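The residues making up each chain are set out below.
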Amino acid sequence: MSKVMRSALGVLGLGVATVGYAALIERRHWTLRTATVPVLPQGSPSLRVLHISDLHMTPGQRSKQRWVAELAALKPDLVVNTGDNLAHPKAVPAVLGALEPLLALPGLFVFGSNDYRGPTPKNPLRYFRRSHHRRPRGAALPWRDLRAGMLERGWVDATHQRATLDVAGQRVAIAGVDDPHIRRDRYQMIAGPVTEPATLRLGLTHSPEPRVLDQFAADGYDLIMSGHTHGGQLRVPLYGALVTNCGLDRSRARGASRWGAHTWLHVSAGLGTSPYAPVRFACPPEASLLTLVPRPVGPGAAQNGQGRATSSAAADVG
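Residues numbered from 1 in each chain as written. Predicted model: local features only at pLDDT ≥ 70, side-chain atom pairs only at ≥ 80, totals over all residues. Heavy atoms only, no water.

### Digging into the overall build of the protein chain
- Counting secondary structure elements, the protein chain contains six helices and 15 strands.
- Burial status across the protein chain gives 51% buried among its 318 residues.
- Sequence separation of at least 24 residues holds for 76% of the intrachain contacts in the protein chain that already meet a minimum separation of 6.
- When the accessible area of the protein chain is evaluated, it comes to approximately 14300 Å², of which 58% is carbon and sulfur surface. (Helix = DSSP H or I, 4+ residues; strand = E, 2+ residues; numbered from the N terminus. Buried < 20%, exposed > 50% of the residue type's maximum accessible area, 1.4 Å probe, protein only. Contact = heavy atoms within 4.5 Å. Areas by Shrake-Rupley, 256 points an atom, 1.4 Å probe, with all protein chains shown as cover.)

This is the structure:
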């Protein structure tokens, strides 16, 4: 066998092994990412917020359902769900079953495009185009049933709503928009600074589109939480995400970073994938436990727009 042929077979074998790992191992490598984010006023007790996003659940994903249910053992003060829960018309019982222990805790949610419409096959190259708003529409999904189940247990739908919530003895002002990725956002319905006293001003959006983030920041929100990017889903070591599937820059595809002078942004890499692209590489499925703490004071406390929160990840394979 020639040297060229051996090299070609070696490359092919490596490719097959990589795809096998991405499809069979890493996409089930459930991971808890933790981060400490300084967004509270001085003297405030810390708050623990569990961020769940992009479950893309199908009825048979038992391992994912068990792992999500076990997150209740973390005893967060607040649970935030930023959408794309569904990937199958019959997935609502699976999602509510996975969330059941968490629904006993204070919670907030907004929906994403894949709560409204099911997944469809797509050409992966479309994600590298700057604009791909013309997209195939999948079958309608029972998002109203999912919403009813969450509301029945006391979670707050923040979609185009402003509200306040008492969390661990502290007042949290919240607002959210529908998914900007499919142009359902109507920020004018919640526009304006928060005028009532609040320890935390929290904004929610499924897709972290900069035009929406800028509006939250201009209104003085302390923290914006979103999902949608899947952290890039396929990441290259030492390079990071290849794409974000939105207007957000690649460096912010997952984790916490500053957005302007005052606001922090947290983007969840999410827990699922489309059934038509069931792979993850260098980007395991994750939920995030954020510890919100007071902002630093004194010289050097201010950071530029690329500031980062401290974070770490611990994996648990299910």
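### Some details on helix α5 (residues 143-152)
- Among the residues of α5, L146, G149 and M150 are the ones counted as buried. Along the long axis of α5, the arc covered by the buried residues comes to 95°, so they all point the same way. More than 90 degrees from the buried face of α5, the exposed residues found are R144 and E152.
- Next to the buried residues of α5 lie β3 (78-81), α3 (92-99), β4 (107-109) and α4 (113-116).
- One or two positions beyond α5, positive phi appears at G154, with a value near 105°. (Arc of directions from axis to C-beta.)

### Notes on the pattern of salt bridges
- Summed over all chains, the structure comprises nine salt bridges.
- Two residues, R147 and D157, come together in a salt bridge whose shortest N-O distance is 2.6 Å. Separated by ten residues along the polypeptide, R147 in helix α5 and D157 in strand β5 (residues 156-157) bring together distant segments of the chain.
- A residue is classified by how much of its surface remains accessible, and D157, at 14% relative accessible area, is buried.
- The network of salt bridges with common partners includes R201, D222 and R295. (Salt bridge = Lys/Arg side-chain N within 4 Å of Asp/Glu carboxyl O.)

### With respect to the sheet that holds strand β9 (residues 223-226)
- Strand order in the open sheet formed by six strands is β6-β7-β8-β9-β13-β12, with mixed pairing between adjacent strands. Both outer strands of the open sheet, β6 (162-167) and β12 (255-259), are each paired with one neighbouring strand and no more. The average angle at which neighbouring strand axes cross in this sheet is 25°, direction not considered.
- In terms of strand pairing, strand β8 (residues 200-204) meets β9 through three bridges, oriented parallel. Directly across from G203, in β9, lies its bridge partner I224.
- On the sheet, helix α6 (residues 210-218) packs against β7 (170-176), β8, β9, β12 and β13 (263-267) and is oriented at approximately 65° with respect to β12. (Pairing = 2+ DSSP bridges. Axes fitted to C-alpha atoms, helices over the stretch in contact; angles between N-to-C directions.)

### A short note on the environment of G232
- Within the fold, G232 resides in the loop between β9 and β10 (235-236).
- The class of G232 is buried, set by a relative accessible area of 10%.
- Here the alpha-carbon distance between G232 and N245, two residues 13 residues apart in the chain, equals 7.9 Å.
- Those residues within four positions of G232 in sequence are excluded, and the remaining contacts are A241, V243 and A253.

### Description of unusual backbone geometry
- Even without a glycine there, the phi angle at K75 is positive, about 50°.
- On the secondary structure map, K75 appears in the loop between α2 (62-70) and β3.
- The class of K75 is exposed, set by a relative accessible area of 66%.

### Topic: a nonpolar patch on the surface
- Taken together, the side chains of L234, V236, Y239 and L242 make up a nonpolar region of the molecular surface, amounting to roughly 330 Å² of accessible area.
- Relative to the elements of secondary structure, L242 occurs in the loop between β11 (240-241) and β12. (Patch = residues over 30% accessible without salt bridge, like charges linked within 9 Å, V, L, I, M, F, W, Y side chains within 5 Å.)

### Structural notes on the pairing of β12
- Most of β12 is tucked away: five of the five residues are buried.
- Relative to β13, β12 runs antiparallel, the two being bridged by five bridges. Paired with G255 across the strands is V267, a residue of β13.
- Hairpin remark: β12 followed by β13, antiparallel, with three residues in the connecting loop; positive phi at G260, about 85°.

### Quick word on the nonpolar core
- The biggest cluster of nonpolar side chains holds 31 residues, and the ones touching the most others in it are I52, V68, L99, L102 and M150.
- At the level of secondary structure, the elements contributing two or more residues to this core comprise β2 (47-52), α2, α3, α5 and β14 (286-294).
- Sort the elements by how many residues they give to this core and α3 lands first, with six residues.
- With 25 residues, the next largest nonpolar core counts A35, L78, V167 and I174 among its residues. (Core = buried A, V, L, I, M, F, W, Y, C linked by side-chain atoms within 4.5 Å.)

### Considerations on the packing of α2 against α3
- Contact pair α2 / α3: the axes reach a minimum separation of 7 Å and the direction vectors enclose 35°. Contacts between α2 and α3 involve Q65, V68 and A69 from the first element and A94, A98 and L99 from the second.
- Looking at side-chain class alone, the contact of α2 with α3 contains five nonpolar, one polar and no charged residues. (Nonpolar A, V, L, I, M, F, W, Y, C, P; charged D, E, K, R; others polar.)

### Digging into the packing of aromatic side chains
- Within this structure, the stated rule accounts for six aromatic pairs.
- With a centroid separation of 6.2 Å and 85° between ring planes, the pair formed by F111 and Y116 is classed as edge-to-face.
- Between F111 and W143, the aromatic rings sit 6.2 Å apart at their centres with planes inclined by 75°, giving edge-to-face as the arrangement. Placement of F111 in the loop between β4 and α4 and of W143 in helix α5 is noted, with a sequence separation of 32 residues between them.
- Pairwise contacts between aromatic rings join F109, F111, Y116 and W143 into one cluster. (Phe/Tyr/Trp six-rings, centres within 6.5 Å; stacked < 30°, edge-to-face > 60°.)

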